[in-house]
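# Structural description and commentary
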Amino acid sequence: RLQPVHAHREDVGDVALKSYGDSTNIFTMRMNWLQPPFDNVKLRRAVLAAVYQADYLDAQIGDEKMYRVCGAVLTCISPYASEAGATQTKKPDLAHARALLKEGGYDGSKVVILHPTDLPVLASLASVTAQALRTIGMNVEIQSMDWATLLSRYAKKDPVAQGGWSIFQTGFTSLDLMNPLTNPNLDGRGAAGYVGWSKSDEMETLRDQFAETGDPARRKEIALAIQKLNYDQVFFIPLGTYSKVKGYNTAKLGNMTAAQIPLFW
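Residues numbered from 1 in each chain as written. Predicted model: local features only at pLDDT ≥ 70, side-chain atom pairs only at ≥ 80, totals over all residues. Heavy atoms only, no water.

### Quick look at the sheet that holds strand β3 (residues 25-31)
- Read from one edge to the other, the open sheet built from six strands follows the order β4-β8-β3-β7-β5-β6, with strand pairing classed as mixed. Edge positions in the sheet fall to β4 (67-68) and β6 (139-145), since each has one partner strand and no second.
- Inspection of the sheet shows β4 paired to strand β8 (residues 236-242) by two bridges, in the antiparallel sense. Pairing of R68 across the sheet is with T241, part of β8. (Pairing = 2+ DSSP bridges. Helix = DSSP H or I, 4+ residues; strand = E, 2+ residues; numbered from the N terminus.)

If you want it as structure tokens, here you go:
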């Protein structure tokens, strides 16, 4: 019988519970750049100032041994890891967030957060975001649905009154986000790009430059510029990393290798 996980590995008879590796997965928040209120960068910055990674990790994972606070947009296990601009790893500055709402002319328009009910690993994130935004005075509505419905909803570019959305949270493996060319949250193509539809010619130029150079030092410079631009314009907000766990029969399988992806022998 499997028992609660309190460490990276715990043996229970012939069954071992072992993590896939440190910080193998990451939670993310994405805002809709096409529709109010988050077509306004000051309001996106207000959200960044209001949220706190530890709240998400405590609510969703709960075991400090299994998660890590990390503000790196290319993940904390990549060679390009940086904390530049990552205010959400510290206690939120609610006064600053409220000031940004005022500067941005927030008019009380509704913020719709999509909430998947049938994926336990994501189920607590929406309520944490809602509480943070209500604290700074935003008008928030959580709309709950199954994951398949959410995937159809988040493709809608319509205003919230017509079935659109403002915020959704999801999860990726760290491997998905380690490279700025494959990290969909850094897409700067606008309406032609990844849902959220962030538009930035500067980001697209940086990603092109990253692709064109093979010099490791130059790539680190570009990655840092991408990190800073992400937090200046708030393409997405990393909400912390965690380690997934697998259970296996040690008598039959021996000592499994820690890996983020399936390994075939």
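### Comments concerning a nonpolar patch on the surface
- Where nonpolar side chains cluster on the molecular surface, the patch consists of L175, I261 and L263 and spans about 260 Å² of accessible area.
- Relative to the helices and strands, I261 resides in the segment after α9 (250-253).
- I261 gets classed as partly exposed once you look at its relative accessible area, which sits at 48%. (Patch = residues over 30% accessible without salt bridge, like charges linked within 9 Å, V, L, I, M, F, W, Y side chains within 5 Å. Areas by Shrake-Rupley, 256 points an atom, 1.4 Å probe, with all protein chains shown as cover. Salt bridge = Lys/Arg side-chain N within 4 Å of Asp/Glu carboxyl O. Buried < 20%, exposed > 50% of the residue type's maximum accessible area, 1.4 Å probe, protein only.)

### Description of the side chain of S198
- Its place among the elements puts S198 in the loop between α6 (174-177) and α7 (201-212).
- For S198, a relative accessible area of 0% puts it in the buried group.
- In terms of polar contacts, S198 uses its side chain to reach the backbone carbonyl oxygen of D187, at 2.5 Å.
- Contacts of S198, omitting those with residues within four sequence positions, involve R30, W33, N185, D187, G188, R189, G190 and F235. (Polar contact = N/O pair within 3.5 Å; in protein donor to acceptor, adjacent residues only side chain to side chain. Contact = heavy atoms within 4.5 Å.)

### A look at the environment of L43
- Note that L43 resides in helix α1 (residues 41-50).
- Judged by relative accessible area, which is 3%, L43 ranks as buried.
- Linking L43 and V111, residues 68 residues apart in sequence, is a C-alpha distance of 11 Å.
- If sequence neighbours within four positions are ignored, L43 has contacts with P37, F38, L100, L101, G104 and Y106.

### Overview of the environment of Y67
- For Y67, the position within the fold is in strand β4.
- Sequence separation between Y67 and A251 is 184 residues, and the spatial gap between their C-alpha atoms is 29 Å.
- Apart from the residues within four sequence positions on either side, Y67 is in contact with L57, D58, I61, G62, T241 and Y242.
- A polar contact is formed between the side chain of Y67 and the side chain of D58, at a distance of 2.5 Å.

### Here we look at the packing of aromatic side chains
- With the rule as written, the count across this model stands at six aromatic pairs.
- When the centroid spacing of 5.0 Å and the interplanar angle of 50° are considered together, the rings of W33 and F235 count as tilted. Of this pair, W33 sits in the loop between β3 and α1 while F235 sits in the loop between α8 (216-233) and β8, and the two are 202 residues apart along the sequence. Both residues of the pair, W33 and F235, belong to the buried class.
- Residues Y80 and F210 carry aromatic rings whose centres are separated by 5.4 Å and whose planes lie at 80° to one another, so their mutual orientation is edge-to-face. Of this pair, Y80 sits in the loop between β4 and α3 (94-103) while F210 is found in helix α7, placing the two residues 130 residues apart along the sequence. With respect to class, Y80 is no different from F210; both count as buried.
- An aromatic cluster is built from Y154, W165, F168 and W197, whose rings are joined through pairwise contacts.
- When the ring centre of W33 is taken as reference, the NZ or CZ atom of R44 above it lies at 3.6 Å.
- Between the NZ or CZ atom of R219 and the centre of the ring of F210, over which it lies, the distance is 4.2 Å. (Phe/Tyr/Trp six-rings, centres within 6.5 Å; stacked < 30°, edge-to-face > 60°. Lys NZ or Arg CZ within 6 Å of the ring centre and 35° of its normal.)

### Some remarks on the packing of α1 against α8
- One way to put it is that α1 packs onto α8 with a least axis distance of 7 Å and a crossing angle of 100°. In terms of orientation, α1 lies roughly perpendicular with respect to α8. Seen from α1, the contacting residues are V41, R44, R45 and L48; seen from α8, they are Y231, D232 and Q233.
- Per-class residue counts for the contact of α1 with α8 are three nonpolar, one polar and three charged. (Axes fitted to C-alpha atoms, helices over the stretch in contact; angles between N-to-C directions. Parallel < 35°, antiparallel > 145°, perpendicular 65-115°, else oblique. Nonpolar A, V, L, I, M, F, W, Y, C, P; charged D, E, K, R; others polar.)

Purely spatial values, then, with no claim about function.
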